[in-house]
Amino acid sequence: MGVVNFIIQNILTQASITIALIAMLGLVLQKKSVGMVISGTLKTLLGFQVLSAGSSIIVGSLTYFGEIFTAGFHMQGIIPSIEAINGQAMNELGLGRDIALTFLAIFVFNIIIARFTKWKYIFLTGQAILWMATMTTVFGFFSGLRGIVLILVGGFVGAVFAVAMPAIAQPIIRKITGSNDIALGHFCTIGYMFEAGVAYIFGEKGENKKSIEDINMPKSFEFLQDTYLSVMVVMVPLYIITAAFAGAGAVDTGSQHYLMFAFLQAIQFVVGVYVLLSGVRLLLGEIVPAFRGIAMKLVPNAIPALDCPVFFPYSPNAVILGFITTTIGTIIAMFVLPMFGLAMILPGMLTNFFAGGTAGIFGNAVGGRRGAIIGGIAHGFFITLLPALLVTIFNQMGFINATATDVDTVTVALLYAWILSPILKAF
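First things first, this report covers the structure right here in the doc. (Residues numbered from 1 in each chain as written. Predicted model: local features only at pLDDT ≥ 70, side-chain atom pairs only at ≥ 80, totals over all residues. Heavy atoms only, no water.)

### Notes on a nonpolar patch on the surface
Alright, step 1. Together, Tyr200, Ile201, Phe202, Ile373 and Ile374 line one region of the surface with nonpolar side chains, adding up to about 510 Å² of accessible area.
Alright, step 2. Secondary-structure elements contributing two or more residues to the nonpolar patch are helix 8 (189-202) and helix 12 (349-397).
Alright, step 3. Broken down by element, the residue count for the nonpolar patch peaks at three residues, all from helix 8.
Alright, step 4. Relative to the assigned elements, isoleucine 373 resides in helix 12.
Alright, step 5. Overall, isoleucine 373 belongs to the partly exposed group, its relative accessible area being 38%. (Patch = residues over 30% accessible without salt bridge, like charges linked within 9 Å, V, L, I, M, F, W, Y side chains within 5 Å. Areas by Shrake-Rupley, 256 points an atom, 1.4 Å probe, with all protein chains shown as cover. Salt bridge = Lys/Arg side-chain N within 4 Å of Asp/Glu carboxyl O. Helix = DSSP H or I, 4+ residues; strand = E, 2+ residues; numbered from the N terminus. Buried < 20%, exposed > 50% of the residue type's maximum accessible area, 1.4 Å probe, protein only.)

Right, dumping it as structure tokens:
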């Protein structure tokens, strides 16, 4: 058991190590030289770590932005956090071992399903699998499941989502990337498909479809065609104006003037985007060729399902548009949903950027600029509605004023609560 716990806690939950080991396996299966195996493994590890470093810089900047946003516009409500639910489940309910084993079961079931069905996707976003394992374990526990049954049911349900979500998104991913080499492994996919559906209905079609990436700038503004400069032009005013509303005392900025601090945090955000996209390029250059070994030997035609930032370089303007429109949608939902007796859910800037940005890519690919704008606002409302529906259920379970973010895991929780729970209790 000690060895299993070590593997789960120190390898499988570390996405960079997991992906590097899978890349190494793929290269070994292709009978590459020792030098090429070492090189490919280490470059995969390095690429993912660079991607993670970029994400961490963005997270730090957005955490600050979330604080001044809340302070500046005097908002009070529930901030969705699967991390808090995970902590309470492990510490107060004693479900740490069950969550860890369910995590492992999802991984194993994923490989089995990919091997013996037409769904050939291997879900490689370890953190997302951990949150899915948390949700299936918690809701399975409150449905009356215990022991090995709790682990196997949660593992199977999580694995079905781990292969079904990439499969559902793949037709649009092929349109975005122009190939079938990689898939999307992120448990916000129902939200992405929701935006794509709205974009298809209300967006531009056929020859009228204009991508947000194809904006023709006047000569004096051609510098905005540079991804990083265009991001900077959007984020700097957004940060400074929000900081101005929040005032000097909202966040501790040390001896630095609060507006200058906001300006530098906006620049830090752009730095994070630069680092993240550099990591993506390095990672993709290694993982896709390495994965062919697995496809040839273990799971024929296997496709790696990777985290959402991997797709940001394909449509960077749509990422920023998706972030802004999703934030607008979450603000609208924050005020509208309490009118119908639901909890007030505060906009989560991290979710709005990573999930909203990815959804923006989907909306732009399906419905052009108009589709991305209308779809993005609808997406923001949608990803606020589902966590609001979950609050009441969590309250009944003892998780007071708590809810989760990623809509696929929220959907699993709602399925357990409304469909599986009554069936399981009947037995």
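### Describing unusual backbone geometry
Alright, step 1. Phi is positive for asparagine 301, close to 65°, though the residue is something other than glycine.
Alright, step 2. One can find asparagine 301 in the loop between helix 10 (258-297) and strand 3 (303-306).
Alright, step 3. In this structure, asparagine 401 is a non-glycine residue whose phi angle is positive, near 50°.
Alright, step 4. Its location among the elements puts asparagine 401 in the loop between helix 12 and helix 13 (407-426).

### Quick look at the sheet that holds strand 2 (residues 183-184)
Alright, step 1. Read across the sheet, three strands follow the order 1-3-2 without closing on themselves; strand pairing throughout is parallel. Where the open sheet ends on each side, the last strands, each with one partner, are strand 1 (121-123) and strand 2.
Alright, step 2. Pairing of strand 1 with strand 3, which is carried by three bridges, proceeds in the parallel orientation. Each bridged residue has a counterpart across the sheet, and for phenylalanine 123 the counterpart in strand 3 is alanine 305. (Pairing = 2+ DSSP bridges.)

### So, the side chain of threonine 134
Alright, step 1. Locating threonine 134 in the fold gives a position in helix 6 (residues 126-142).
Alright, step 2. Residues contacting threonine 134, with those up to four places away along its chain left out, are Ile82, Ile85, Asn86 and Ile99. (Contact = heavy atoms within 4.5 Å.)

### Digging into the environment of glycine 203
Alright, step 1. Along the chain, the position of glycine 203 falls in the loop between helix 8 and helix 9 (227-246).
Alright, step 2. With 147 residues separating them in the primary sequence, glycine 203 and serine 56 have C-alpha atoms 34 Å apart.
Alright, step 3. Ignoring anything within four residues of it in the chain, the contact list for glycine 203 reads Val198, Gly367, Arg370 and Gly371.

### Side note on empty space enclosed by the protein
Alright, step 1. Tallied over the full model, the rule gives four cavities of 30 Å³ or more.
Alright, step 2. The volume enclosed by the largest cavity comes to roughly 100 Å³.
Alright, step 3. What lines the largest cavity is Pro80, Thr330, Ile345, Leu346, Pro347, Gly348, Thr351, Asn352, Ile383, Thr384, Pro387 and Thr405.
Alright, step 4. Element by element, the count of residues in the lining of the largest cavity is highest for helix 12, at five residues. (1 Å grid on protein atoms, 1.4 Å probe; cavity = no way out; pocket = protein on both sides within 12 Å on 5 of 7 lines; lining within 4 Å. Points joined across faces, edges and corners; volume = space filled by probe spheres on them.)

### Focus: the pairing of strand 3
Alright, step 1. Here strand 3 shows no split at all, with Ile303 and Ala305 on one side and Pro304 and Leu306 on the other all buried.
Alright, step 2. Two strands pair when backbone bridges link them, and strand 2 and strand 3 are joined in this way by two bridges, in the parallel orientation. For alanine 183, the partnering residue across the bridge sits in strand 3 and is alanine 305.

### A word on the packing of helix 7 (residues 147-177) against helix 8
Alright, step 1. Where helix 7 contacts helix 8, the axes come no closer than 10 Å and their chain directions differ by 25°. Between helix 7 and helix 8, the interaxial angle falls into the category roughly parallel. Pair helix 7 / helix 8 crosses with left-handed handedness. Residues Phe161, Met165, Ile168, Ala169 and Ile172 of helix 7 form the contact with helix 8, whose own contacting residues are Thr189, Ile190, Met193 and Ala196.
Alright, step 2. Of the residues belonging to the contact of helix 7 with helix 8, the class tally is eight nonpolar, one polar and no charged. (Axes fitted to C-alpha atoms, helices over the stretch in contact; angles between N-to-C directions. Parallel < 35°, antiparallel > 145°, perpendicular 65-115°, else oblique. Left-handed = near helix turned anticlockwise from the far one by under 90°. Nonpolar A, V, L, I, M, F, W, Y, C, P; charged D, E, K, R; others polar.)

### Some points on the packing of helix 8 against helix 12
Alright, step 1. The contact between helix 8 and helix 12 brings their axes to 9 Å, and the two run at 135°. Comparing their axes, helix 12 and helix 8 come out oblique.
Alright, step 2. In the contact of helix 8 with helix 12, the residues fall into 18 nonpolar, nine polar and two charged.

### Focus: the environment of leucine 390
Alright, step 1. Mapped onto the secondary structure, leucine 390 falls in helix 12.
Alright, step 2. Taking C-alpha positions, leucine 390 is 32 Å from serine 315, a pair spaced 75 residues apart along the chain.
Alright, step 3. Look past the residues within four positions of leucine 390 in its chain and what remains in contact with it is Phe139, Thr403, Ala404, Val410, Ala413 and Leu414.

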